[in-house]
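Each chain, letter by letter, is given below.
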Amino acid sequence: PEADCVLNKQIFAILTFMGEKDYFRVLVAISLHTAAGREKFNGINRFLGQGHAWDIELLRNDDELTSERLKAELRKGYDGLLIFMPKAKEIFETVRTGDLPVVFTDYPTDAMLRTLPRGVFILDNVAEVIRAAVGHLLGCRGIASLGFVPTRTPMRWSNERRNAFRAETSRHGVRAEVFSGDGDDLKSLASWIA
C-alpha cells in the first residue's frame, strides 16, 4: 500500500507535466533486483491495467542507466521519464538539457533543484516510516530489543533511517543496536543478531 501511494504520486506528477494526450511514451528506469523496485513496477502495471495508454521502455538495473544509453533513448521521442534508481545523479546532465518532465525517487542536489524546472522528486517521510516500523515491532509480544542493519554501501536514505531509528527507539526507551559489520558476512550478522 505504501509503495502504491508513492507510485500514484509519481504517476500524477508526470501526467501533470505531460499534459493531456491519449497516448504517452514513457521511459521507466527501475531496479527490479530490489523488492521496492518490483513493488513500484507492480504499481505501474496496475496503473496501466486501469486503461491508461502508456508505451513504456524499461531499463531494469543500474548498469542499463548510463548517459550514453539515455541519450540514445531520448532520441526516440519520449513524453516523460520515471527514474527510480540510485544512479540518477550520474545521468543528471543528460536530462537537465532536455525539456521532458522527469520524476525521481532520489534526493536532489541543489543543482538539480535549480536547473530541472520540470523535475519532481518524490521522497519517503523517513520519520513516519521508522515510527510505523518501531511501533509495529513494539506491539509484538516478547520484543526485548531492536536492531537496524544499514545498507552495505552508505546511502543517504539508509543513514537517515538509521538516525530516525536511534531517535525513535530512544523516545520509547527501548534497547536498540545498529549493525556495524559487513552485511555480506552472514556469520557476523548472525552473531550480532544472537
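Just so we're clear, the structure is a prediction, and the values are computed from it rather than from any experiment. (Residues numbered from 1 in each chain as written. Predicted model: local features only at pLDDT ≥ 70, side-chain atom pairs only at ≥ 80, totals over all residues. Heavy atoms only, no water.)

(A) Looking closely at the nonpolar core. With 17 residues, the main nonpolar core has Leu 65, Ile 83, Val 95 and Phe 104 as its most contacted residues. For this core, the elements supplying multiple residues, two or more each, are strand S1 (24–30), strand S3 (80–84), helix H4 (92–96) and strand S4 (102–104). The residues touching Val 95, leaving out its near neighbours within four places in the chain, are Leu 70, Leu 81, Val 102, Phe 104 and Leu 116. In this structure, Val 28, Trp 54, Val 103 and Val 120 belong to the second largest nonpolar core, which totals 15 residues. (Core = buried A, V, L, I, M, F, W, Y, C linked by side-chain atoms within 4.5 Å. Buried < 20%, exposed > 50% of the residue type's maximum accessible area, 1.4 Å probe, protein only. Helix = DSSP H or I, 4+ residues; strand = E, 2+ residues; numbered from the N terminus. Contact = heavy atoms within 4.5 Å.)

(B) Representation of the packing of aromatic side chains. Within the structure shown, the criterion is met by three aromatic pairs. A cation over a ring is seen here: Arg 25 above Tyr 78, with NZ or CZ 4.8 Å from the ring centre. Lys 40 extends its terminal NZ or CZ atom over the ring of Phe 84, reaching a point 5.6 Å from the ring centre. (Phe/Tyr/Trp six-rings, centres within 6.5 Å; stacked < 30°, edge-to-face > 60°. Lys NZ or Arg CZ within 6 Å of the ring centre and 35° of its normal.)

(C) Quick peek at the environment of Asn 163. Here Asn 163 shows up in helix H7 (residues 156–172). Remark: the alpha-carbon pair of Asn 163 and Ile 130, spanning 33 residues in sequence, is separated by 9.6 Å.

(D) Representation of the pattern of salt bridges within the structure. Under the definition given, this model contains nine salt bridges. One salt bridge in this structure joins Glu 57 and Arg 69, with 3.8 Å as the shortest N-O distance. Of this pair, Glu 57 sits in strand S2 (residues 54–59) while Arg 69 sits in helix H3 (residues 67–74), and the two are 12 residues apart along the sequence. Between Glu 168 and Arg 171 there is a salt bridge whose closest N-O contact spans 2.8 Å. On the criterion of helical spacing, the pair formed by Glu 168 and Arg 171 is a turn pair, its members being three residues apart in helix H7. Assessed through its relative accessible area of 58%, Arg 171 is described here as exposed. Linked through salt bridges whose partners overlap, the residues forming this network are Glu 57, Glu 64, Arg 69, Glu 73 and Lys 76. (Salt bridge = Lys/Arg side-chain N within 4 Å of Asp/Glu carboxyl O.)

(E) Representation of H7. The end-to-end C-alpha distance of H7, which contains 17 residues, comes to 24 Å, matching closely the 24 Å that a straight helix rising 1.5 Å per residue would cover. Among all positions of H7, only Ser 158, Ala 164, Phe 165, Glu 168 and Thr 169 are buried. Burial along H7 is one-sided: seen end-on, the buried residues are contained in an arc of 130°. Opposite the buried face of H7, at more than 90 degrees from it, the exposed residues are Ser 170 and Arg 171. (Expected span 1.5 Å × (residues − 1). Arc of directions from axis to C-beta.)

(F) Layout of the pairing of S2. Pairing of S1 with S2 involves six bridges; the strand directions are parallel. Across the sheet, the residue bridging to Val 28 is Leu 58, located in S2. With respect to chirality, the unit in which S1 leads through helix H2 (residues 35–49) into the neighbouring parallel S2 is right-handed. (Pairing = 2+ DSSP bridges. Right-handed = clockwise from strand over helix to strand, strands pointing away.)

(G) Quick look at the pairing of strand S7 (residues 175–178). Relative to S7, strand S6 (residues 145–148) is paired through four bridges, and the arrangement is parallel. Looking across to S7, one finds that Phe 148 is bridged to Val 178. Read as a crossover between parallel neighbours, the route from S6 over H7 to S7 is right-handed.

(H) Molecular detail of the packing of helix H6 (residues 126–138) against H7. Running from N to C, H6 and H7 cross one another at 45°; their axes reach a closest spacing of 9 Å. As summarised for this structure, H6 and H7 are arranged oblique, according to the angle between their axes. The interaxial crossing formed by H6 with H7 has right-handed handedness. Where H6 approaches H7, its residues Val 126, Val 129, Ile 130, Arg 131, Val 134 and Leu 138 are matched on the opposing element by Glu 160, Arg 161, Ala 164, Phe 165, Glu 168, Thr 169, Arg 171 and His 172. Counted by class, the contact of H6 with H7 contains seven nonpolar, two polar and five charged residues. (Axes fitted to C-alpha atoms, helices over the stretch in contact; angles between N-to-C directions. Parallel < 35°, antiparallel > 145°, perpendicular 65-115°, else oblique. Left-handed = near helix turned anticlockwise from the far one by under 90°. Nonpolar A, V, L, I, M, F, W, Y, C, P; charged D, E, K, R; others polar.)

(I) Representation of the sheet that holds S2. Spatially, S2-S1-S3-S4-S5 is the arrangement adopted by the five strands of the open sheet, whose pairing is parallel. Two strands in the sheet have a free side with no partner beyond their single neighbour: S2 and strand S5 (119–121). Taken pair by pair, the neighbouring strands of this sheet meet at an average axis angle of 15°, ignoring direction. Where S4 meets S5, three bridges bridge the pair, whose relative direction is parallel.

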